[in-house]
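For reference, the chains in residue letters:
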Amino acid sequence: MLKLNEIYQTTVRYESSQHNDKVNMQRKTTYESRECLLNPNYIVAIYPHYFESSSDRKMLGGKFKGMEQFARIILDGNSFRSSELIVAMSYEKLTRLLIED
């Protein structure tokens, strides 16, 4: 099993104050991370991943300092989840881990 940090999109709610002390709830899409264990037998392919668009960089919001390299993992299997994961690890390091396994 591989222990990885998955990067995923989520919608968060936050308070935004306006004039006359009114508080509004607003939503925005952001990236978060969570630890996951992945069975390497289900990996079909891996690719380097780059957050190149300005909207992606805005959604990252500086949360992943020190994790500037990411990889996209394509999984085999039929499940309710997406068959693609973005992980906070360089393509090169992930390749070495899979070859050693």
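Residues numbered from 1 in each chain as written. Predicted model: local features only at pLDDT ≥ 70, side-chain atom pairs only at ≥ 80, totals over all residues. Heavy atoms only, no water.

J.: Would you explain the packing of aromatic side chains in this entry?
T.: Aromatic rings considered in pairs are described by the distance between their centres and by the relative angle of their planes. The tally for this structure, following the rule as stated, stands at 2 aromatic pairs. An aromatic cluster of three or more residues is present, and its members are Y31, F51 and F70. Stacked on the ring of Y8, the Lys or Arg R34 has its end atom at 3.8 Å from the ring centre. (Phe/Tyr/Trp six-rings, centres within 6.5 Å; stacked < 30°, edge-to-face > 60°. Lys NZ or Arg CZ within 6 Å of the ring centre and 35° of its normal.)

J.: It is not clear to me how the pairing of strand β5 (residues 84-87) should be interpreted in this structure. Could you clarify?
T.: Walk down a regular strand and you will see the side chains alternate between the two sheet faces. Bridge count for strand β1 (residues 2-17) against β5 is 2 bridges, and the pairing is antiparallel. Bridge pairing in β5 places I7 opposite I86. Summarising the sheet, strand β4 (residues 70-75) and β5 pair through 4 bridges and their orientation is antiparallel. If you follow R72 over to β5, its bridge partner there is I86. (Pairing = 2+ DSSP bridges. Helix = DSSP H or I, 4+ residues; strand = E, 2+ residues; numbered from the N terminus.)

J.: I tried to follow the environment of K28 on my own but got confused; where do I start?
T.: Relative to the assigned elements, K28 resides in strand β2 (residues 23-38). Classification of K28 as partly exposed rests on a relative accessible area of 45%. Sequence separation between K28 and V12 is 16 residues, and the spatial gap between their C-alpha atoms is 5.6 Å. Among all residues touching K28, those that are not within four sequence positions of it are T10, T11, V12 and Y14. (Buried < 20%, exposed > 50% of the residue type's maximum accessible area, 1.4 Å probe, protein only. Contact = heavy atoms within 4.5 Å.)

J.: Would you mind showing me how to read the side chain of T30 here?
T.: Considering the arrangement of structural elements, one finds T30 in strand β2. Residues in contact with T30, not counting those within four places in the same chain, are Y8, Q9, T10, V12, M59 and K63.

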